Amino acid sequence: RLVHLDLKGAAPRAQYLEQVLPLLRALGATGLLLEYEDTFPYTGPLELLQAPHAYSPEELQALLSWARAQGLDVVPLLPLPLQFVLKHKQFAHLREVKELPSALNPHKEESLALVKAMIDQVMALHEDLQWFHIGCDEVYYLGQGEESKQWLQQQNNTPEKLCLSHIKAVATCLAWSYPMVTPIVWDDMLRGMSEETLAESGVPQLVQPMIWDYTTDINVEGKVQLIEKYRRCGFSKVWFASAFKGATGANQSLTLIGHHLRNQLEWLQVAQRSPADVLEGIALTGWQRYDHFAVLCELLPVAIPSLAVCLQALKNGGYSEKIKENVELLLGMPNLEIETFMSPSPGTFPGSDVFTLVTQISFHLKSSVDELLERNRYSTGWFSPYHRKRKIIHPIIVHHLQPDAVRLFSKWKAVVQDLQAAMEQVFHRCAIEEWMEENVHPHLQKLQEVVEDLDEA
């Protein structure tokens, strides 16, 4: 049971992760799937890939040491097709399609050399790895570059074979240098391929596919058949991938636990109907961005109640009132809500203050500002945009409207200051700024402007 930490957005401070790991272990996690992306401390020619908030080698070694101390396996994830690399002009010449940083050109030797250099640097900081995830999902633009188009014109060449040859090249490179490590790939590019194409490629002998589906109706029978197909092609083991957050909306700020719980329960059905020796494990994904260029979705502390429910359901083979009580005990939260968004109730888990304040803001900030500006009769009738622009107001309306506006503005400023302080314990400044600009500033600014307009009028 791997907990996926997607570090390409709002990467938590190392100290925060140190506090979280014992909780993950207590909830039933047995490992971590670490998608470093631009937070890995690359060196040499790859140093430019580091984000300003990237972990230092010392921080990363400490994190891996804490994971080992908790008995958690670590699986690094290198997210081919490498959007975070191809966005840099220094690597733009390795793009499959010149204008798009969406896929690596598989025909250039330098592409494979780049991947190998990245793998080598990641491997150098990790000990005793059993698996290494090489991504390979949603490679929609593979085959659309000029060199690929020429390659595809040759007899018997197909987009499927191009994809498989690319996967094979990377997996072979990993197997050659690190024979004890098994590569894992996302399976979405493989699903539609014929058994014959897969079997002939040699890929099934090199990698383990991770079948992902984050919905609440994952077609259990279809998944069982897909596993059988993969077995017939020669894959020795498969993984599942569910989600505990980051799969219900690109700009989602709160996590609906019920959705993710149902997703786990569906996967348990697939597991029960699959041969006992075929399943290597399951990764509970927690996407922080839908891709490298997307906005932030639910922050990790906000989704910890969902992660707790999901882990406990998988560990216990189902969900019950007793398991719910156990989760509430481990999180220090008295009233766990599954079918609605959690209300801002306090807990004792690491980051619970972030959870509480984010929930409060997500529930009430926009609605309270809208109430004042769009549904308050003094605002709509006597201090409309027309009045505000010209600073015209009847003095009595100031007495009716100004105290409410000032009170609301002061209240939210105080809540936001508390959230900022709580977030600083968990995140770096860039993540806090991004979250505030997306979720807070537009509403707070509206409120500030009406307070200023009232003052002037």
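Rules behind the numbers
Residues numbered from 1 in each chain as written. Predicted model: local features only at pLDDT ≥ 70, side-chain atom pairs only at ≥ 80, totals over all residues. Heavy atoms only, no water. Helix = DSSP H or I, 4+ residues; strand = E, 2+ residues; numbered from the N terminus. Rg over C-alpha atoms; globule rule 2.2 N^0.38 Å. Buried < 20%, exposed > 50% of the residue type's maximum accessible area, 1.4 Å probe, protein only. Areas by Shrake-Rupley, 256 points an atom, 1.4 Å probe, with all protein chains shown as cover. Lys, Arg positive; Asp, Glu negative; His and termini not counted. Charge placed at Lys NZ, Arg CZ, Asp CG, Glu CD. 1 Å grid on protein atoms, 1.4 Å probe; cavity = no way out; pocket = protein on both sides within 12 Å on 5 of 7 lines; lining within 4 Å. Points joined across faces, edges and corners; volume = space filled by probe spheres on them. Expected span 1.5 Å × (residues − 1). Bend = angle between axes of the 7 residues up to and from the residue. Core = buried A, V, L, I, M, F, W, Y, C linked by side-chain atoms within 4.5 Å. Domains from an automatic or database assignment. Contact = heavy atoms within 4.5 Å. UniProt positions renumbered as here; feature names shortened; annotations may be inferred. Salt bridge = Lys/Arg side-chain N within 4 Å of Asp/Glu carboxyl O. Pairing = 2+ DSSP bridges. Axes fitted to C-alpha atoms, helices over the stretch in contact; angles between N-to-C directions. Phe/Tyr/Trp six-rings, centres within 6.5 Å; stacked < 30°, edge-to-face > 60°. Lys NZ or Arg CZ within 6 Å of the ring centre and 35° of its normal.

Here's the deal with the overall build of the protein
Each helix and strand in the protein was counted, giving 17 helices and 10 strands. Radius of gyration (C-alpha) of the protein: 25 Å, near the 23 Å computed for a compact globule of 457 residues. Seen through its C-alpha atoms, the protein measures out along the principal axes to roughly 80 × 55 × 45 Å. Within the protein, the proportion of its 457 residues that are buried is 56%. Only carbon and sulfur atoms are counted for the fraction: they give 50% of the accessible area of the protein, which is about 19800 Å². Taking the 39 positively charged and 56 negatively charged side chains of the protein as two groups, their mean positions are separated by 3 Å.

Overview of the layout of surface pockets
Considered as a void within the structure, the largest pocket measures approximately 540 Å³ in volume. If you trace the largest pocket, you find 23 residues lining it, with K8, D137, E138, Y290 and D291 closest to the centre. Of all elements in the fold, only β3 (73–80) and α3 (83–86) reach the threshold of two or more residues within the lining of the largest pocket.

What about helix α12 (residues 352–375)?
With 24 residues, α12 extends 33 Å between its outermost C-alpha atoms, agreeing within 8% with the 34 Å of an ideal straight helix rising 1.5 Å per residue. Within α12, the axis deviates most sharply at H364, by approximately 35 degrees.

Thoughts on the nonpolar core
Formed by 143 residues in total, the largest nonpolar core has its most connected members in L82, M118, F132 and W435. Examining the composition of this core, we find that 12 residues originate from one element, helix α15 (residues 395–424), more than from any other. When residues are assigned to domains, this core turns out to be shared by domain 1 (2–331) and domain 2 (352–456), each giving three or more. In contact with F132, other than residues within four places in its own chain, are V75, P76, L78, I119, V122, M123, L174, V181, T182, P183 and I184. Counting 15 residues, the second-largest nonpolar core is a separate cluster that includes L2, W131, A241 and A283.

Quick word on the UniProt feature "domain: Glycoside hydrolase family 20 catalytic" (unreviewed entry) in the protein
Under the UniProt annotation, the feature "domain: Glycoside hydrolase family 20 catalytic" (unreviewed entry) is placed at residues 51–201. Taken end to end, residues 51–201 is 44% helix and 17% strand, and its first and last C-alpha atoms sit 37 Å apart.

Digging into the side chain of R95
Of note, R95 is situated in strand β4 (residues 95–97). It is E99 that comes nearest to the buried, bridge-free R95 among opposite-charge side chains, at 7.5 Å. Excluding residues within four positions of it along the chain, R95 makes contact with L86, K87, L100, P101, A103 and N105.

Details of the sheet that holds strand β7 (residues 182–186)
Ordered in space as β1-β2-β3-β6-β7-β8-β9-β10, the 8 strands form a closed barrel in which the pairing is parallel. Neighbour to neighbour, the strand axes of the sheet diverge by 30 degrees on average, direction disregarded. In the sheet, strand β1 (residues 2–6) pairs with strand β10 (residues 279–286) via 2 bridges, with the strands oriented parallel. Residue pairing across strands places L2 opposite A283, the latter belonging to β10. Across the sheet, helix α6 (residues 159–177) touches β3, β6 (131–135) and β7, and the angle it forms with β6 is around 155 degrees.

Let's talk about the packing of aromatic side chains
In this structure the tally under the stated criterion is 9 aromatic pairs. Here the aromatic rings of W186 and W287 are separated by 5.9 Å at their centres, their planes lie at 50 degrees, and the arrangement is tilted. With W186 in strand β7 and W287 in the loop between β10 and α10 (300–316), this pair connects stretches of sequence that are 101 residues apart. In this structure W287 comes out as buried when scored by relative accessible area, which is 11%. With a centroid separation of 5.3 Å and 75 degrees between ring planes, the pair formed by Y230 and F235 is classed as edge-to-face. The two residues Y230 and F235 agree in class, both being buried. Three or more aromatic residues joined by ring pairs form one cluster here, namely Y36, F40 and Y42. Of note, R191 hangs over the ring of W212, and the distance from its end group to the ring centre comes to 5.1 Å.

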